[in-house]
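Here is what each chain is made of, one letter per residue.
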Amino acid sequence: MSELPTGIVTFLFTDIEGSTRLLQRLGDGYTSVLATHSRILRDEIAQAGGTVVSTEGDSFFAVFVNPRSALVAASEAQRRLNQESWPDQSEVRVRMGVHTGEGTHGGDNYAGLDVHRAARIGACGHGGQIVLSQATALIVGSTLPVGTSLRELGSYRLKDIEQTEPLYQLVIDGVPADFPPLRTIDTVPNNLPIQLTSFVGRRDVEGVAAAIGSSRLVTLTGPGGTGKTRLSLQVAAELTGSFAHGVWFVPLAPITDPDLVTPTVSSMLGLQASLEDPDRRLTEYLKGKEILLILDNLEQVLTAGERVKVWLQGALGLKVLASSRIPLRISGEREYPVPPLLLPNPHDIGTPETLATYESVALFVDRARASRPDFELNIGNAQHVAAIVARLDGLPLAIELAASRIKVLSPAAILERLSSRLSLLTGGARDLPERQRTLRGAIEWSYELLDSDHRMLFNCLGVFGGSFALAQCESICGPDLAIDVLDGLATLVDHSLLRAVATSDEPRFAMLETIRELAQDHLDGEAFEPALRGRHAEVFAGLARDVSFHFTRENSRQWLDRIALDHDNLRTAINFAIGQGNADLAFSFCFALWRFWQMRGWLQEGRGLVERALALEGGSTGSRRDALEAAGGLAYWQADRAATIAYYRQAIECAREAGDPIRLADALYNFSVPLTVYEGAEGARELLAEAVEIGERIGDRERLGTYVWGVGSSDYFDEDYEAALAHYQEAARYLEGTGAVFQIGWNERMMASTLIKLGRIDEAESHLQRGLGIFVEAEDMSAFALHVRDFSELALLRGENATALLLAGSTAFLQTVSETRMLDFVTDSLPSLEDAISAVGREEAEKLVARGQAMSVPEILAMVGHQSHV
């Protein structure tokens, strides 16, 4: 211990890249290679004044008092390793990581965040590369070893490190200096949220990681609040480098319908589930990929376990880490009960230093410091802290709630209050597991610390289905409260019953699911509950109405993103309206949101809600017409011919009965589109003529442009391309300046299709590019398949056979993964495709098509000249 320096020191971590492969190649000869490597490292570390702290296999951990000395040792070692003549023309490539920080002893080694950071830096590099932290780079400055220089690599997110880390490379003259991107969380496909608190519980991470190594389905079980989600995220971060196609986190807490699990997973992976067989489509996507799926909170959709089984059977590279209060009970599942955090022996507390090594105490101290930075574990409070975590059974959420009170209560006072509520802490329902009863008690205890006004606010928050904005809370909860809403929310945040959510424009708040359940339980039966739920539905109906206008206009993406933020609340509000039998309110939701459902891949869920709403009795004729338009639109984009025609025909009847000419014109136009596609243009023209007459009478340029576009489409499907082009050009004049970008985009696409038929290829491409650009900007995938199909046809006409076949494959891929099924009711054959196949040869053509089918959406869009936001 005395030989290891303390204070500010510099750590060096090294290991041989691909040592296992090297061992397999060299066999017994690997022993001499390892010995030579070890001699070189020991020589250079010692000559530079460093100390070898430990070695394991081919890995070295060394420490230096001077950061420049660490760089001297690392650079000289790399030079010698590069110059060495290794047997059998092998290469021994050693990656190295250097970081300067606090050197704190932990037994016969170092402990603390800085040594952990140094290890992570070492692990992210490549063989032959020296990666430095910003701390080391700044301290060394201009005093770099001779023949070296620094190269700035940018900021990276390292495993288990909260903040991004600026990293540098030490470039050595005469030694290769160009390497692939660093192996960090950023460079592996993933959607893992950044964790804002440190993680406690290394043994569980290692245990779960080992379980995933030997099993394809691991389920973390335990009651709410045991840290299943946090543990799964930590394991995922640790394993990102083990899955070539990424690690994907899928939160399922808001989902209560098992049929929506597959579409939700598909959405997280960037694709839409198929209407006909979503599990088969998802399985096809997963085939051949190495992916880890984190399925969080499955207990309320437990029957979805059979779907997980289907995915695993069909995609052998897939692994699943699930969390649930109940095991899935499917073959191949390995259950991992998440244990409570390690507790100290109540009969042998020991010193504060010993006590701090227990996970439960470490969590309490860490969270207490978040509330009161000067908190220290000492002789005076150590026994109280040990008793607190023991009383809370080592349950993470209960400990965090208790620790948050350190701002106003001492550990002794916390223990006293906790002790007086033992009956409350263990008073849950008898059919619940013991730890869940204890957890509920811990949350109830935190709830009891609130005064009556703040309890009232907490109860009111049970109305929300997800996160919520401050203004929404003020409108919905404010009328029932005697306190300022913002002050009340701040108090709940301080009590760890609520958390603030970082957003760019408005304050938002969210609850942990376990705490939300408690709030909902307290809300049930309150006298004000019906009025509160009614205000919630009205507020979100107003949001939907206000925002929906923008879905098809300029800057549509920001409005679609905005509504996505409150999707869980909208689900709650729609279901409330349907459950109350409030047809007009339910219809208004359907009409306002159907474009969002179409554009953002929620067709299946949206259509189910609309059909439930239409089953209600009552409602005005006009609002029912609106819901029928939504139902017809969703069915149309799903290529459900019979339903589309039935819904649109009923919409016309309702519009005529309501006597609303604008809605009638819209209904006539809507019905004309499937008639044109399915039954020919003749029947559609009469409807369109009436719609155009109404549009001219009311002087609405945007609607006139849309209706004239319908006339052009009738011409197109009648193969009168000159007439179609003239009508599309007329539609463009009407639409110009209206901001109706959705309709402008489709007008551009159909004008391009018409120009292709007329042989005016360059003009067609210009219009096609403009149209697709509008849909890419909106992140609207519903239009992609048709556009890419047209780009494939353009390539065919230009004799670019390989490009055409790639895009033909991409079109098939987009048709497969998109719920819209648009190509089902337009021609999806490509003229001259067989000629292209003959030109390149059938075997090569099949490879090109297969390669196109394997391309991602961003790759496809980049190929046709667009940068994807998807």
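Residues numbered from 1 in each chain as written. Predicted model: local features only at pLDDT ≥ 70, side-chain atom pairs only at ≥ 80, totals over all residues. Heavy atoms only, no water.

**Topic: the overall build of the protein**
For the protein, the helix and strand inventory stands at 39 helices and 16 strands. Over its C-alpha atoms the protein spans a radius of gyration of 32 Å, differing by no more than 12% from the 29 Å that the globule rule assigns to 870 residues. Considered along the principal axes of its C-alpha atoms, the protein spans approximately 95 × 75 × 50 Å. Looking at the 870 residues of the protein, the share that counts as buried comes to 55%. For the protein, long-range pairs separated by at least 24 residues make up 73% of all intrachain contacts whose partners lie at least 6 apart in sequence. Total accessible area computed for the protein in this model is approximately 35,300 Å², and 49% of it derives from carbon and sulfur atoms. (Helix = DSSP H or I, 4+ residues; strand = E, 2+ residues; numbered from the N terminus. Rg over C-alpha atoms; globule rule 2.2 N^0.38 Å. Buried < 20%, exposed > 50% of the residue type's maximum accessible area, 1.4 Å probe, protein only. Contact = heavy atoms within 4.5 Å. Areas by Shrake-Rupley, 256 points an atom, 1.4 Å probe, with all protein chains shown as cover.)

**Let's talk about the confidence of the model for the protein**
Here the protein averages 87 in pLDDT, while 91% of its residues score no lower than 70. Within the protein, helix H16 (residues 422-425) has the poorest average pLDDT of any element, 34, and helix H32 (residues 721-735) the best, 97. This stretch, residues 420-437, has a pLDDT under 50; its non-local contacts, to residues over four places away or in other chains, come to 25 contacts. (pLDDT = per-residue confidence, 0-100.)

**Section: helix H35 (residues 784-797)**
Given a rise of 1.5 Å per residue, 14 residues ought to cover 20 Å, and the 20 Å separating the end C-alpha atoms of H35 matches this to within 8%. With 13 of 14 residues buried, H35 lies mostly within the body of the structure. The first or second residue beyond H35 is Gly 799, which carries a positive phi of 80 degrees. (Expected span 1.5 Å × (residues − 1).)

**A look at the packing of aromatic side chains**
For the coordinates displayed, the defined rule picks out 16 aromatic pairs. A centroid spacing of 6.2 Å and a plane angle of 65 degrees characterise the contact between Phe 61 and Tyr 110, whose relative ring orientation is edge-to-face. Taken together, the residues Phe 61 in strand S3 (residues 59-64) and Tyr 110 in strand S5 (residues 109-111) connect sequence positions 49 residues apart. A relative accessible area of 5% places Phe 61 in the buried class. (Phe/Tyr/Trp six-rings, centres within 6.5 Å; stacked < 30°, edge-to-face > 60°.)

**Observations regarding the sheet that holds strand S10 (residues 247-251)**
Judged by pairing direction, the sheet is parallel, and its 5 strands sit side by side in the order S10-S11-S12-S9-S13 without closing on themselves. Among the strands making up the open sheet, the edge pair consists of S10 and strand S13 (333-337). For this sheet, the mean angle separating the axes of adjacent strands, direction not counted, is 20 degrees. Pairing of strand S9 (residues 217-221) with strand S12 (residues 318-324) involves 5 bridges; the strand directions are parallel. The partner of Leu 217 across the bridge, within S12, is Val 320. Of the strands in this sheet, S10 and strand S11 (291-296) are in contact with helix H8 (residues 261-268), which crosses S10 at around 135 degrees. (Pairing = 2+ DSSP bridges. Axes fitted to C-alpha atoms, helices over the stretch in contact; angles between N-to-C directions.)

**Considering the sheet that holds strand S15 (residues 499-501)**
In spatial order, the strands read S14-S16-S15; together these 3 strands make up an open sheet with antiparallel pairing. Looking at which strands have only one partner, the edges of the open sheet turn out to be strand S14 (468-469) and S15. Pairing geometry for S14 and strand S16 (residues 508-510), over 2 bridges, is antiparallel. Across the sheet, the residue bridging to Phe 468 is Phe 509, located in S16.

**As for the nonpolar core**
In terms of nonpolar packing, the biggest core is built from 135 residues, with Phe 458, Leu 461, Cys 477, Leu 489, Phe 589 and Trp 597 touching the most fellow members. Residue contributions to this core peak at 12 residues, all from helix H25 (residues 583-599). When neighbours within four sequence positions are excluded, Leu 461 is seen to be in contact with Phe 468, Cys 473, Cys 477, Leu 489, Leu 492, Leu 498 and Met 511. Counting 33 residues, the second largest nonpolar core, distinct from the first, contains Ile 45, Val 92, Tyr 168 and Val 175. (Core = buried A, V, L, I, M, F, W, Y, C linked by side-chain atoms within 4.5 Å.)

**Some remarks on the packing of helix H33 (residues 741-757) against helix H34 (residues 761-778)**
Interhelical geometry of H33 versus H34 gives an angle of 155 degrees and a closest axis separation of 8 Å. Relative to H34, H33 is oriented roughly antiparallel. In terms of crossing hand, the pair formed by H33 and H34 is left-handed. On the side of H33, the interface is formed by Val 741, Phe 742, Ile 744, Gly 745, Trp 746, Glu 748, Arg 749, Met 751, Ala 752, Leu 755 and Ile 756, while H34 contributes Ile 761, Glu 763, Ala 764, His 767, Leu 768, Arg 770, Gly 771, Ile 774 and Phe 775. (Parallel < 35°, antiparallel > 145°, perpendicular 65-115°, else oblique. Left-handed = near helix turned anticlockwise from the far one by under 90°.)

**Notes on the packing of H34 against H35**
Running from amino to carboxyl end, H34 crosses H35 at an angle of 160 degrees, the nearest separation of the two axes being 10 Å. Here H35 runs roughly antiparallel to H34, going by the angle between their axes. Where H34 crosses over H35, the two elements pack in a sense that is left-handed. Facing Ile 761, Ala 764, Glu 765, Leu 768, Gln 769, Gly 771, Leu 772, Phe 775 and Val 776 of H34, the residues of H35 in contact are Phe 784, His 787, Asp 790, Phe 791, Leu 794 and Leu 797.

**Concerning unusual backbone geometry**
Here the phi dihedral of Asp 88 falls at roughly 60 degrees; this positive angle occurs in a residue that is not glycine. On the secondary structure map, Asp 88 appears in the loop between helix H3 (67-83) and strand S4 (94-106).

**Quick look at the environment of Arg 607**
Position of Arg 607 among the secondary structure elements: in helix H26 (residues 603-614). We classify Arg 607 as buried; its relative accessible area is 11%. In this structure, the C-alpha to C-alpha distance between Arg 607 and Val 677, residues 70 residues apart in sequence, is 21 Å. With residues near it in sequence (within four places) discarded, Arg 607 still touches Leu 634, Ala 635, Gln 638, Asp 640 and Ala 643.

**Considerations on the side chain of Ser 215**
The residue Ser 215 is located in the loop between helix H6 (202-214) and S9 in this model. Discounting chain neighbours no more than four positions away, the residues touching Ser 215 are Lys 319 and Arg 334.

**Overview of the side chain of Glu 44**
Mapping Glu 44 onto the fold places it in helix H2 (residues 30-47). Polar side-chain contacts of Glu 44 include one of 3.0 Å to the side chain of Arg 80. Beyond its immediate stretch of four places on either side in the chain, Glu 44 contacts Ala 73, Glu 76, Ala 77 and Arg 80. (Polar contact = N/O pair within 3.5 Å; in protein donor to acceptor, adjacent residues only side chain to side chain.)

**Details of H2**
Since the α-helix packs 3.6 residues into each turn, any two residues three or four apart lie on the same face. The terminal C-alpha atoms of H2, which comprises 18 residues, lie 26 Å apart, in line with the 26 Å expected from a rise of 1.5 Å per residue. If you check which residues of H2 are buried, you get Tyr 30, Val 33, Thr 36, His 37, Ser 38, Ile 40, Leu 41, Glu 44 and Ile 45.

**Remarks on the pairing of S9**
Counting buried residues along S9, 5 of its 5 residues qualify, which places the element largely inside the surrounding structure. Every second residue of S9 is oriented toward a common face, with Leu 217, Thr 219 and Thr 221 on one face and Val 218 and Leu 220 on the other, all of them buried. Sheet topology places S9 next to S13; 5 bridges connect them, and they run parallel. Counted as the bridge partner of Leu 220 is Tyr 336 from S13.

**Here we look at the environment of Glu 765**
Among the structural elements, Glu 765 can be located in helix H34. What makes Glu 765 partly exposed here is its relative accessible area of 24%. Within the structure, the side chain of Glu 765 is placed 2.7 Å from the side chain of Arg 798, a separation counted as a polar contact.

**Topic: the environment of Glu 400**
Of note, Glu 400 is situated in helix H14 (residues 396-404). Note: C-alpha distance between Glu 400 and Ala 655 (255 residues apart in sequence) is 58 Å.

**Some remarks on the pattern of salt bridges**
Following the criterion strictly, the structure yields 54 salt bridges and no others. Between Glu 611 and Arg 607 there is a salt bridge; the shortest N-O distance is 3.0 Å. Here the residue Glu 611 and the residue Arg 607 both occupy positions in helix H26, the gap between them amounting to 4 residues, near one helical turn. Residue Arg 697 is joined to Glu 693 by a salt bridge in which the shortest nitrogen-to-oxygen separation is 3.1 Å. On the criterion of helical spacing, the pair formed by Arg 697 and Glu 693 is a turn pair, its members being 4 residues apart in helix H30 (residues 681-698). (Salt bridge = Lys/Arg side-chain N within 4 Å of Asp/Glu carboxyl O.)

**Describing the state of the cysteines**
Under the criterion given, the structure shown has 0 disulfides. Among the cysteines around Cys 477, which has no disulfide bond, Cys 473 carries the closest sulfur, lying 3.9 Å off. Here Cys 654 stays unpaired: no disulfide links it, and the sulfur of Cys 590, its closest cysteine neighbor, is 14 Å away. Given a relative accessible area of 13%, Cys 654 falls into the buried group. (Disulfide = S-S within 2.5 Å.)

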